[in-house]
Amino acid sequence: MDRRHLLKASLATGGLMGLGGCAAAPRGAGPGSAPVFRDSLLSLAPIRATTDRIFDLKVCLRPFRALGPRLDVEQIGGAMVVHNYGHGGSGWSLAWGSANIAVQKAMSTSPARIAVIGCGIIGLTSAITAQRAGAQVTIYTRDLLPKTRSVRANGSWTPSSRIALTQAAGPAFGALWEQMARYSWKTYRSYLGLAGNPVAFCDQYALSDTPFQPAVHQPDPSVQGSYETTGMPQQNSEFGRYDDRIRDLMPRAETLPEGATPFPVKYVSRNSGMFFNFTELGQVLMREFYGAGGKVVIRQFHAPSELGGLPEKVVINCPGYAARDMWKDKAMIPVRGQTGWLIPQPEVNYGLSYNGTSVLSKSDGIMVLRAPGPVRGEMNGVGDSNEVASRSETESAVRVIERLFARFPKASA
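These numbers come from a predicted model, not from an experiment.

Looking now at the nonpolar core. Within soluble globular proteins, side chains that are nonpolar tend to cluster in buried spots. Core analysis: the biggest nonpolar cluster contains 54 residues, and Ile-114, Tyr-188 and Phe-276 have the highest contact counts within it. When residues in this core are grouped by element, the largest group, eight residues, is from helix α2 (residues 91–106). Sequence-distant contacts of Tyr-188, defined by excluding residues within four places in its chain, comprise Trp-92, Ser-93, Ala-95, Trp-96, Ile-121, Trp-157, Val-199, Met-274, Phe-276 and Leu-281. Counting residues in hydrophobic clusters, the runner-up holds 27 residues, among them Ile-54, Phe-263, Ile-366 and Phe-405.

Written out as structure tokens, the structure is:
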């Protein structure tokens, strides 16, 4: 089954479920409306991009649903179950906003105790949000945060990355998405400036040897007929784009004059992007959870009926991609993404994208990934559930950056 048919199947099964991430590239952009950059030549430390500096590979399966995250409520035995999963490539970005919606539903009966299933970023933020609402919380999970799929993700602020299909989710989803994105943005603001920089900003550069081209949605020749007859949008990019709804929060890219940076390319744009240092942020969140009296029970569930036997009678269900099997949610399909990690360079405090490859310097390493784009397409990884890392994929990406910095001015090294 090809990838577009998988998305079509996701839509078909998702329609029965009702409305009820990993490794997206850091945002690079073409020319924006910001003032032209007039500073003197930037001083940027070069990235030591060689394949022998690769020390880790990670594969993430983004839990994508055509209709967007599942946030409905159902009764399982004696338990009220609030679902909170299926965030595609936007889990880290939308976690707090999604948790806020789920907890509001969970607290509608004013429970003293709440169970949370899963300890990825969606489960952990749901648990902390429930604590802040006054509930005693127990997390039931197979793995703690460092071993979850969440920590194999990209960890950049990408709130609309593979979050839904535009026409499948419908016009009402945009307002829901905006609510989640704004709440998350505001909450992450409180983690800026803490020791270890659990949440941080850095400049991110889009580099090109040819002029930037504006994004134009062309009809996809592989999809014949209307949306009503095919079940798929007739754009090359079927995934929803909602970033304009929060344009006031997100700075616009600025085009830099040729020669204003040491990058050996003619066309450069710059933006500021938020990202998450997983190790530091994970520790901060776990300390907050335990400090508020939270408990963790290591347990693996095999059927939804088991939730009805928990001592807590209100459950927030945050299993991520595991929901496909446990909840038989065939509306969910995997979108594979792989990141490679180079030895950390604290002196490198920026990210870049060039020739289909993206790089972001974080506290625990320099993340390198082959990014979706006009050539590889957003369908890359759709329907691929292979969690075995490919070293050759990362080596190919690293060599792109190595060749770029081989042209870097020696005086900047």
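All right, on to the sheet that holds strand β9 (residues 295–298) then. Within the open sheet, the six strands sit side by side as β2-β3-β10-β4-β5-β9. Their pairing is mixed. Looking at which strands have only one partner, the edges of the open sheet turn out to be β2 (73–76) and β9. Strand after strand, the sheet turns through a mean of 25 degrees between neighbouring axes, direction not considered. Bridging between strand β5 (residues 136–141) and β9 involves four bridges; their strand directions are parallel. Counterpart to Thr-138 in the pairing with β9 is Lys-295. Contacts from α2 reach β2, β3 (79–83), β4 (113–117) and β10 (314–317) within the one sheet, and its direction differs from that of β3 by about 160 degrees.

Here α2 is 16 residues long, yet its end C-alpha atoms lie only 20 Å apart, well below the 22 Å a rise of 1.5 Å per residue gives. When the local axis directions of α2 are compared, the greatest deviation, roughly 35 degrees, occurs at Gly-97. For α2, a buried count of 14 out of 16 residues is recorded, marking the element as mostly surrounded by other parts of the structure.

A separate point is the packing of α2 against helix α3 (residues 121–132). For the pair α2 and α3, interaxial distance at closest approach is 8 Å and the crossing angle is 40 degrees. Comparing the axis directions of α2 and α3 gives the class oblique. α2 and α3 meet at a crossing whose hand is right-handed. Taking contact as the criterion, the partners of Gly-91, Trp-92, Ala-95, Trp-96, Ala-99, Asn-100 and Val-103 in α2 are, on α3, Ile-121, Ile-122, Thr-125, Ser-126, Ile-128, Thr-129, Ala-130 and Arg-132. Per-class residue counts for the contact of α2 with α3 are nine nonpolar, five polar and one charged.

Here we take up the packing of aromatic side chains. One pass over the structure, following the stated rule, counts 17 aromatic pairs. Ring geometry for Tyr-188 versus Phe-276: centroids 4.5 Å apart, planes at 35 degrees, classification tilted. With a gap of 88 residues between them, Tyr-188 in helix α5 (residues 172–189) and Phe-276 in strand β8 (residues 267–276) connect regions that are remote in the sequence. Phe-276 shares its class with Tyr-188; the two are buried. A ring pair is formed by Phe-263 and Tyr-350, whose centres lie 6.1 Å apart and whose planes are at 75 degrees; its orientation type is edge-to-face. Here Phe-263 is found in the loop between β7 (254–256) and β8, whereas its partner Tyr-350 is found in strand β12 (residues 350–354), with 87 residues between them in sequence. Like Tyr-350, Phe-263 is buried. Among the aromatic residues, those joined into a ring-pair cluster are Trp-92, Trp-96, Tyr-188, Tyr-191, Phe-276 and Phe-278. The ring centre of Trp-341 lies 4.8 Å from the NZ or CZ of Lys-58, which sits over that ring. Over the face of the ring belonging to Phe-239 we find Arg-162, whose NZ or CZ atom lies 5.6 Å from the ring centre.

Analysis parameters
Residues numbered from 1 in each chain as written. Predicted model: local features only at pLDDT ≥ 70, side-chain atom pairs only at ≥ 80, totals over all residues. Heavy atoms only, no water. Core = buried A, V, L, I, M, F, W, Y, C linked by side-chain atoms within 4.5 Å. Buried < 20%, exposed > 50% of the residue type's maximum accessible area, 1.4 Å probe, protein only. Helix = DSSP H or I, 4+ residues; strand = E, 2+ residues; numbered from the N terminus. Contact = heavy atoms within 4.5 Å. Pairing = 2+ DSSP bridges. Axes fitted to C-alpha atoms, helices over the stretch in contact; angles between N-to-C directions. Expected span 1.5 Å × (residues − 1). Bend = angle between axes of the 7 residues up to and from the residue. Parallel < 35°, antiparallel > 145°, perpendicular 65-115°, else oblique. Left-handed = near helix turned anticlockwise from the far one by under 90°. Nonpolar A, V, L, I, M, F, W, Y, C, P; charged D, E, K, R; others polar. Phe/Tyr/Trp six-rings, centres within 6.5 Å; stacked < 30°, edge-to-face > 60°. Lys NZ or Arg CZ within 6 Å of the ring centre and 35° of its normal.

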